[in-house]
Amino acid sequence: MNAPPRGPKAGQDYPQAWAQFMDWFATDEACSRYLERLRWHDGFVCPRCGNAAEPYRANRARLMCRVCKHQCSVTAGTIFDKTRTPLRTWLAGAWYVTNQKQGVSALGMQRVLGLNSYETAWTMLHRFRRAMTRPGRERLKGDVEVDETYIAITDRIYPLSREGRKRNTTDTLVAVAVEVVKPKGFGRVRFRRIPDDSERSVLPFIREEVEPGSTLHTDGSATYRSVTKHGYKHDRNVILGSSTPAHVSLPGVHRVASLVKRWILGTHHGAVQPSQLDYYLDEFAFRFNRRSSRSRGMLFYRLLEQAVITPPVTYSDIAGGRSFSPSGR
Ligand SMILES: [Zn+2]
């Protein structure tokens, strides 16, 4: 039988502080060994034949199975796949992005890591964002507020704005779900960009992000009329007249929506391509859902743990963005 899982510990599983980070990750080989441990918690397992034994090491990047001679690398099939950026820079990037409470812009990342190009910083950040959503994560449950909100974003991309190009501002509709904790406080959040506030657009979001049996708290909109048919309890907050402001009836979504809007304006200067917005929202949710983590290093650990099981994306994949996905993602 396996030992019960223990939580990751500072100074053992992730660095306590920057000084320790520098010690641990002095070489690309050390970084590679660290990722290897995250990818195969119980030791290397050959991806082809399943043999579990210490592999041959042709060089620091190549691992070879002792049985079937299959060769692989720790970064193959992960967000670090085929990167020309040294692993040390990647790990420093992961440290920086998780240690800044509000996250970082691509320009900030480029400056801190001394990267030659803005595109490298931008791609790195986007690859990290892809790793911020855990596949098969648990749905929200209990008391969950659901609403839609508009987020104003501009299509300005640095450095084009220096030419004084006109910025197009778009109000993008986003569905928000927030667990509310009694007597006071919020649990986890989920977001999704939606084309409109119809039932057809909002219901798939609810079904994929909220556990049936939960109580949905919504406004009186017809969008939510059939949720009880899908196994949810429904608390409709019908606002009679205009004397009750919306933030009183659904305080969770209004609080979270204002935080996410401030974050997009502050850290990202409001400049987010509409097709990229879902990934920014994933990053916000990653941070928000782990806001009680006492250690920033823990966030670093969780990010890299997910990074080694997240498939790679290329610059052009990323620049293409995500289309609306009513059937989930
Ligand atoms: Zn093998």
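Refer to the structure presented above.
Every chain is numbered independently, its residues counted from 1 as its sequence is written. Given that the model is predicted, a residue must reach a pLDDT of at least 70 before its local features are reported, and side-chain atom pairs must reach 80 or more before they are shown or counted; all residues, however, enter totals for whole chains, interfaces and linings. Side-chain metrics in this entry use all non-hydrogen atoms of the structure; hydrogen atoms and water are not considered.

Chemist: I'd love a proper account of the coordination of the zinc ion, names of residues and values included.
Modeler: Around the zinc ion, the protein contributes the donor atoms C46 (SG), C49 (SG), C65 (SG) and C68 (SG), which lie 2.3 Å from the metal centre. What the 4 donor atoms of the zinc ion show is an angle range of 105 to 113° at the metal, which sorts the shape as tetrahedral. Positions of the donor residues of the zinc ion along the chain correspond to the pattern C-x2-C-x15-C-x2-C. For Na, K and Ca the donor cutoff is 3.2 Å, while for all other metals N, O and S atoms count as donors only within 2.8 Å; water does not appear among the atoms, so some sites may look incomplete. Four donors are marked tetrahedral only if all angles between them lie between 85 and 135 degrees, whereas four are marked square planar and six octahedral if opposite donors are more than 155 degrees apart and the other angles lie between 65 and 115; the remainder are marked irregular.

Chemist: Could you give an account of the nonpolar core, with specific residues and numbers?
Modeler: The criterion is simple. A nonpolar core is a set of buried Ala, Val, Leu, Ile, Met, Phe, Trp, Tyr and Cys residues joined through side-chain atoms within 4.5 Å. Here's how the labels work: a residue is buried when its accessible area is under 20% of the maximum for its type, exposed when over 50%, partly exposed in between, all with a 1.4 Å probe on protein chains only. By size, the foremost hydrophobic cluster in this structure holds 68 residues, and its most contacted members are F80, L91, F128, F191, F300 and L304. Counting residues in each nonpolar core, the second largest holds 16 residues, with L140, V202, L216 and Y224 among its members.

Chemist: Kindly report on the pattern of salt bridges, identifying the contributing residues and their values.
Modeler: Between Lys or Arg on one side and Asp or Glu on the other, a salt bridge is scored when a side-chain nitrogen of the former is within 4 Å of a carboxyl oxygen of the latter. Tallied over the entire structure, the rule returns 17 salt bridges. In the salt-bridge network here, residues are joined through shared partners; they are R137, R190, R192, E208 and E209.

Chemist: I'd like to hear about the sheet that holds strand β5 (residues 169-180), residue by residue, with values.
Modeler: With mixed pairing, 5 strands are arranged side by side in an open sheet as β6-β5-β4-β7-β8. In this open sheet, the two strands that pair with only one neighbour each are β6 (186-193) and β8 (233-237). Each adjacent strand pair in this sheet contributes to an overall mean axis angle of 30°, direction not counted. Residue contacts are counted whenever heavy atoms from the two residues lie within 4.5 Å of one another. For helices, the axis comes from a line fit to the C-alpha atoms of the stretch in contact; other axes are also lines fit to C-alpha atoms, and the angle between any two N-to-C directions lies between 0 and 180 degrees. Strands are runs of DSSP state E lasting at least 2 residues, helices are runs of H or I lasting at least 4, and numbering of each runs from the N terminus. Of the strands in this sheet, β4 (143-154), β5, β6 and β7 (215-219) are in contact with helix α6 (residues 199-209), which crosses β6 at around 140°. The strands touched by helix α9 (residues 277-289) are β4, β5 and β6; relative to β6, the strand with the most contacts, the crossing angle is about 175°. Each pair of strands is called paired provided DSSP finds at least two bridges between the two strands.

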